[in-house]
Amino acid sequence: METLIESPDFPMDIVNQAAAKEKQGGGRPEFWEMVFWWTRKPLASARAVLAAAALPADAKVSMFVSQVLRTRVNMRNEVENVPHRENPSPPPEWRERFAKMRVLDPFAGFGSIPLEAVRLGFGEVVAVELLPTAYVFLKAVLEYPKWAVEKGLGQQLVKDVERWGRWVAEQLAQDPDIKELYDPDVAVCIGTWEVKCPHCGKYTPLIGNWWLARVSKAASEEEEGEGGEEGARSGLFSRLAWMDWENGSVKVVDLNRELKAKLIKAKVNARQGYVEVGGRKYNVRHPNVNARGEAATCLHCGNQIRYYLPKLNRHSVEKPKGAEAVWYVKHALREWNRMLEEYLSGRIELEKLLESPAKPTLLVKVKVREGDLEFEPATKQDTERLWKALEKLRKMWGDPDIPSEDLWKYTSGTAGNLSIIIWGFDKFYKLFNPRQLLTLVKLVKLIREAGKKVEEEKLRERWSKEDAFKYAEAITAYLAMTLMKHVDYNTIVTLWNPGSWSWNKVAHTLSMRGIAMQWNWCEIAPIPDLPLTYMGILGNTQDGLSYLIFAASNSLSGVKVILDDATLLSSLSSEKFDLVVTDPPYRDDVPYVELSDFFYVWLKRALSDASNSGLAPRFAVEAFFKRVGMTYRELRTQWEELAPREVGLNAGRLSYFSGREVSEEETRRHFIELLHRSFLSMRRLLKDDGLLVTYYAHTDPEAWEELISAGWRAGFRVTAAFPVATEFALRVTGRGKAALDTSIVVVWRPGVRGEALWDQVYREALASAEERALELLRAGRSGVDLFVGTLAATLSAVTSRERIVGVDDVGKFVRERAYPAAARGLARAISRYVGGSEAGEEVRDTGALFYMLAKILLLPSRRAGRRVMDRSAVHIISFGTGLDSKELVNKLRVVERRGEAFHLLEPRGGGRDELVELMRERGLDPKRPQLRSAVDVLHLLEYYAVALDVRSFRERLDGLRSLNAVLVEEALRLARVLGGRLLPLNDPERALCQRVTSYATGAGTLEGWLHGA
Ligand SMILES: C[S@@+](CC[C@H](N)C(=O)[O-])C[C@H]1O[C@@H](n2cnc3c(N)ncnc32)[C@H](O)[C@@H]1O
Ligand SMILES: [Zn+2]
């Protein structure tokens, strides 16, 4: 039976709009604010995919949209509500259908897919995760709320989480150490590292950003070029404040205060570092540290701090040839990290530690008064409180609640940033300043104690032992998640962000795809009821939990969360599923194992018991301990236990665990193999008539090859594919990697049959691509939707065979054979759709094919007046043409590269000047043309059609024919397509192409008229 998800009627546009609603300001699902996890999928698309995979192709789409997705759509077909906020209410026969089905997600992450499966009421929902951290979070998202609802305890759970969260905060507030260490009115301290200057011997802070607040109210960016100034903004600012350096210490310049103004009319240039107000110019300093350039400047003496020479134990400004040298700052930080451990374990005294060449220091205290921020320079006494905290920690040394686990031992070649270890941060506790660490340790102890008290209380109220325990487990887990979020915002790798206006100015530790060194970190006080403090986050936890209770409230699903490896799924040996819907890790996008260890080390403590001899099992034992005979062995970190089993692409990790240097190619093969094994286990667990749906990020065509290869070899054939909006468009990524904002959903069915020769498969693939493309064009699909849908039809024909004779490298085969078939099928369908073309009429010249697809699949950017592509769009469009971006830019000059963007070299307007300009940009000489592709011919003909009369046009046309008749025919075909209805009416090339066609066929001449053209 064909399903709705495999049909062109699947309302993709509405689904994508609904998903986009989740990205906007207030649209985020509340439970996402409880704690951070990477790459969470929008709930709207998860819901749509699950339901459409369970419903027949002829299911009523209007019902699907209103009752399942719960979208409200206006006259212009725009989604007006935030659909995930409403529970689905499918009609009874759909409900019954869902209730009979079992659903599995073996890469469940934070649980978007299983959560929606529960809301839809699937009979049984199973969520699997490899990582203990995600496993506990999944329990909190899926299992505890469902259990509480079933026991009639939903609202009570929300209240008790609040009550015990408050209890924790109150206990902490009364702790004498805490009273001694924090000022009650300081919300945040901004700090950084200071290093001992090798020239003058004084400690100089390293300040990565002198700005404290730079918040515009109505300022606009100045245009580059004439009159404007790069990086400058002029207009109204609601907050302008920065740090300065005077007489050997930090001072604060707060312009709002100085000018006694709520709004300041100013010109601000952050890059050049100045503020201009009413003719007066203030300078803001430039960073005195530049890690990439391995440079720093002493604020006291102004000298350069560059290289430390370990052999000679001295500093040098020049990097001596051949001699071993490290950046002095890195050396100093490593020294701090080494000496810190010596101090805490009692091997050196505080005085000695404070002689370390690097130390943490506080710069500015931030207070909140009447909703506004006040900045005050930190004093020496403020920083001394860090050393007080250190003394207290030293007395506690050996306490199992101090996370002394090792960080990973590898940075990685390709994966997200794991490089923090190169600064000597080799134990988790070193990621905190001493006061942060002490407070977090205290919080962990209090959360553990709260869990005990909850259990005791419920036993006194005569609850059953099991219920009291489970209830205590749930509350402890939510309090621990509250702590996780607080921890995420409270390390020496957070970042103060002056640019945005919200109180929440701190970039959290995991906000990049890695954990990266930062200057100007933040320390957030635990107690005051403000955003990001423990108390403040408690409000997020409550809202999130209320959301989850509501989501579970009318579901009859059974739900199971399992800790297992998707490549094995050994805990599910005998069960079969109707649907597997999942979102496997995308190549090297996120090193989940290592990064989530940052949570793991705290989560383990909060949910386990502690005694002098260490941690002991209590809640979610399987996450933190391994049973060995009669005893339990603590699992130190996820990375040590599980890294080799994570489905991911990470050369550093693989090399470390295999004890030798592993090549990129080998790393990639390893990744494909893991992905393949997970498809094998999904195949084992899926019914023969079941459906598998995978999400996969699509930036890179290689990723497609990997996915198809992994799935096809496991006995799955593709039946449909389409893109869905997924992640936040404005996302900070590690190392400036382009943001992925789309995933491709691929629908698979078990069952590949027989073998065939490539020629035969190719004919089938081409025919089905053409048919599907035509179907999609008629259904109004355009852009990437159209292309991916067509590609799916090709892949479907290819993957339906068990074997294609002579094909051994599946990836290469997909790249070199299947993609071109899709592009040709699409080209043919386009010719047919545009009308009037006979078989064999389609555009074939590769340059022309690329140009045509780019024109039809993309819309012009308003700013550039042309089609602008990022690298991934170029990849996708050139998939089938066999061209790469270099050839497109240099050889064919069809696109031009501008920074990270690629501009299609197409006419900006229909006039002569614009075409002359285009000739120039493309390096075409209309008098003596050199033809590189049919695009050249097309552009020349467009130019001739504008510049010449019909007769001269035709002379030129004949001239071109004598140069290269084949390219001319191709160009005329291209003109017929681009003159048709697939281009927007206002695309100047549409009219140009119509003119070329009519001139070429002789319309407008006497001769043409006589021949009826
Ligand atoms: C892309 S994320 C899933 C995100 C999820 N769909 C969501 O919306 O939150 C992929 C997940 O697969 C997990 N994973 C990686 N290797 C695994 C394995 N061998 N078995 C099970 N899960 C694994 C990762 O920990 C990660 O959470
Ligand atoms: Zn100095």
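So, here is what we can say about the structure in this document.

Rules used throughout
Residues numbered from 1 in each chain as written. Chains lettered and ligands numbered in written order. Predicted model: local features only at pLDDT ≥ 70, side-chain atom pairs only at ≥ 80, totals over all residues. Heavy atoms only, no water. Helix = DSSP H or I, 4+ residues; strand = E, 2+ residues; numbered from the N terminus. Rg over C-alpha atoms; globule rule 2.2 N^0.38 Å. Buried < 20%, exposed > 50% of the residue type's maximum accessible area, 1.4 Å probe, protein only. Contact = heavy atoms within 4.5 Å. Areas by Shrake-Rupley, 256 points an atom, 1.4 Å probe, with all protein chains shown as cover. Pairing = 2+ DSSP bridges. Core = buried A, V, L, I, M, F, W, Y, C linked by side-chain atoms within 4.5 Å. Donors = N, O, S within 2.8 Å, 3.2 Å for Na, K, Ca; no water. Tetrahedral: all angles 85-135°; square planar, octahedral: opposite > 155°, others 65-115°. Near = heavy atom within 4 Å. Polar contact = N/O pair within 3.5 Å; in protein donor to acceptor, adjacent residues only side chain to side chain. Nonpolar A, V, L, I, M, F, W, Y, C, P; charged D, E, K, R; others polar. Salt bridge = Lys/Arg side-chain N within 4 Å of Asp/Glu carboxyl O. Phe/Tyr/Trp six-rings, centres within 6.5 Å; stacked < 30°, edge-to-face > 60°. Expected span 1.5 Å × (residues − 1). Axes fitted to C-alpha atoms, helices over the stretch in contact; angles between N-to-C directions. Parallel < 35°, antiparallel > 145°, perpendicular 65-115°, else oblique. Left-handed = near helix turned anticlockwise from the far one by under 90°.

On to the overall build of the protein. Secondary structure assignment for the protein yields 33 helices and 35 strands. Its C-alpha atoms give the protein a radius of gyration of 32 Å, near enough to 31 Å, the size a compact globule of 1013 residues would have. If you line up the protein on its principal axes, its C-alpha atoms span 105 × 70 × 60 Å. When the 1013 residues of the protein are sorted by exposure, 61% land in the buried category. For the protein, long-range pairs separated by at least 24 residues make up 72% of all intrachain contacts whose partners lie at least 6 apart in sequence. If you sum the accessible surface of the protein, you get close to 40200 Å²; carbon and sulfur atoms cover 48% of it.

Before going further, it helps to examine the pairing of strand E35 (residues 901-904). One ladder, built from two bridges, connects strand E33 (residues 868-869) with E35; its direction is antiparallel. Residue pairing for E35: Met869 is matched across the bridge by Phe902. Two strands pair when backbone bridges link them, and strand E34 (residues 895-898) and E35 are joined in this way by four bridges, in the antiparallel orientation. Across the sheet, residue Arg897 finds its bridge partner in E35, namely Phe902. Between E34 and E35, which pair antiparallel one after the other, the connecting turn spans two residues, and Gly899 there sits at a positive phi close to 60 degrees.

Among the nonpolar cores identified, the biggest contains 188 residues, and Phe64 and Phe122 are the most heavily contacted of them. In terms of residue count, helix H14 (residues 465-488) provides more of this core than any other element does, 13 residues in total. Every residue in contact with Phe122, bar those within four places of it in the chain, is listed here: Leu50, Ala54, Phe98, Ala99, Met101, Val103, Ala117, Ser557, Gly558 and Leu579. Counting residues in hydrophobic clusters, the runner-up holds 129 residues, among them Val580, Ala721, Ala765 and Val810.

Summarising the metal site, the zinc ion (ligand 2) is bound by the protein donors Cys197 (SG), Cys200 (SG), Cys298 (SG) and Cys301 (SG), whose distances to it range over 2.3 Å. Considering all four donor atoms around the zinc ion (ligand 2), angles at the metal cover 106 to 116 degrees and the coordination shape is tetrahedral. Positions of the donor residues of the zinc ion (ligand 2), expressed as sequence spacing, correspond to C-x2-C-x97-C-x2-C. In this pair, Cys197 is assigned in the loop between strand E3 (186-196) and strand E4 (203-205) and Cys298 in the loop between strand E12 (295-297) and strand E13 (304-305), connecting sequence segments 101 residues apart.

Turning next to the site of ligand 1. Among the 24 residues in the neighbourhood of ligand 1, the closest are listed as Lys41, Phe110, Glu129, Ala566 and Asp583. One nitrogen or oxygen atom from the side chain of Trp37 is found 3.3 Å from an oxygen atom belonging to ligand 1. Taken by itself ligand 1 offers 600 Å² of open surface, and the protein chains cover 99% of this. A class-by-class count of the residues in the shell around ligand 1 yields twelve nonpolar, four polar and eight charged.

Now for helix H26 (residues 871-878). Across the eight residues of H26, six count as buried, placing the element largely inside the fold. Buried residues of H26: Ser872, Ala873, Val874, Ile876, Ile877 and Ser878, and no others. Buried residues in H26 make contact with helix H23 (783-799), helix H25 (846-857), E33, helix H27 (885-891) and E35.

Our next topic: the sheet that holds strand E14 (residues 307-309). Taken in spatial order, the three strands line up as E15-E14-E16 in an open sheet, and their pairing is antiparallel. At either end of the open sheet lies a strand with only one pairing partner, and these are strand E15 (314-316) and strand E16 (326-327). Judged from the two bridges that link them, E14 and E16 form a sheet pairing that is antiparallel. Paired with Tyr308 across the two strands is Val326, which belongs to E16.

Another point: the pattern of salt bridges. The final tally for this structure, using the stated rule, is 93 salt bridges. A salt bridge links Glu150 to Lys146; its shortest N-O distance comes to 2.8 Å. Of this pair, Glu150 and Lys146 both sit in helix H6 (residues 132-150), four residues apart, which is roughly one turn of that helix. On the basis of relative accessible area, Lys146 is assigned to the buried category, the value being 3%. Here Arg385 ties to Asp183 by a salt bridge, and the two come within 3.1 Å at their closest N and O atoms. In this pair, Arg385 sits in helix H12 (residues 380-396) while Asp183 sits in the loop between helix H8 (176-181) and E3, placing the two residues 202 residues apart along the sequence. By relative accessible area, which is 23% here, Asp183 ends up partly exposed. Bridged by salt links that share partners, the residues Asp185, Arg257, Lys365, Lys367, Arg369, Glu374, Glu376 and Asp382 form one connected network.

Moving on: the packing of aromatic side chains. The way to describe two aromatic rings as a pair is by their centre distance and the angle between their planes. All chains considered together, the criterion is met by 47 aromatic pairs. Each ring, one from Phe137 and one from Phe599, has its centre 5.8 Å from the other, and the planes form 65 degrees; the classification is edge-to-face. Of this pair, Phe137 sits in helix H6 while Phe599 sits in helix H16 (residues 592-607); the two residues are 462 residues apart in sequence, bridging distant segments of the chain. Owing to a relative accessible area of 0%, Phe599 belongs among the buried residues under this scheme. Between Trp639 and Phe657, the aromatic rings sit 6.3 Å apart at their centres with planes inclined by 65 degrees, giving edge-to-face as the arrangement. Here Phe657 lies in helix H19 (residues 651-658) and Trp639 lies in helix H18 (residues 638-642), a separation of 18 residues in the sequence.

A few words now on helix H7 (residues 154-174). Between its first and last C-alpha, H7 extends 31 Å over 21 residues, near the 30 Å set by a 1.5 Å rise per residue. Buried within H7 are the following residues: Gly154, Leu157, Val158, Asp160, Val161, Trp164, Gly165, Trp167, Val168, Ala169 and Leu172. Buried residues belonging to H7 abut H6, H8, helix H13 (434-460), H14 and helix H15 (534-552).

Moving on to the packing of H12 against H13. With their axes 7 Å apart at the nearest point, H12 and H13 run at an angle of 50 degrees to one another. Here H13 runs oblique to H12, going by the angle between their axes. Seen along the crossing, H12 lies across H13 with a hand that is left-handed. Contacts between H12 and H13 involve Arg385, Leu386, Ala389, Leu390, Lys392, Leu393 and Met396 on the former and, on the latter, Pro434, Arg435, Leu437, Leu438, Val441 and Lys445. Among the residues forming the contact of H12 with H13, the class breakdown is nine nonpolar, no polar and four charged.

The next point concerns unusual backbone geometry. A positive phi is found at Thr39, a non-glycine position, where the angle reads about 50 degrees. Along the chain, the position of Thr39 falls in the loop between helix H1 (12-21) and helix H2 (43-54). The phi dihedral of Arg893 is positive, around 50 degrees, even though this residue is not glycine. Note that Arg893 resides in the loop between H27 and E34. Taking relative accessible area as the criterion, Arg893 reaches 24% and is therefore assigned partly exposed.

The next subject is the sheet that holds E33. Read across the open sheet, the three strands follow the order E33-E35-E34; overall the sheet is antiparallel. Unpaired on one side and paired on the other, E33 and E34 mark the two borders of the sheet. In the packing of H25 onto the sheet, the strands contacted are E33, E34 and E35, and the crossing angle to E35 comes to about 100 degrees.

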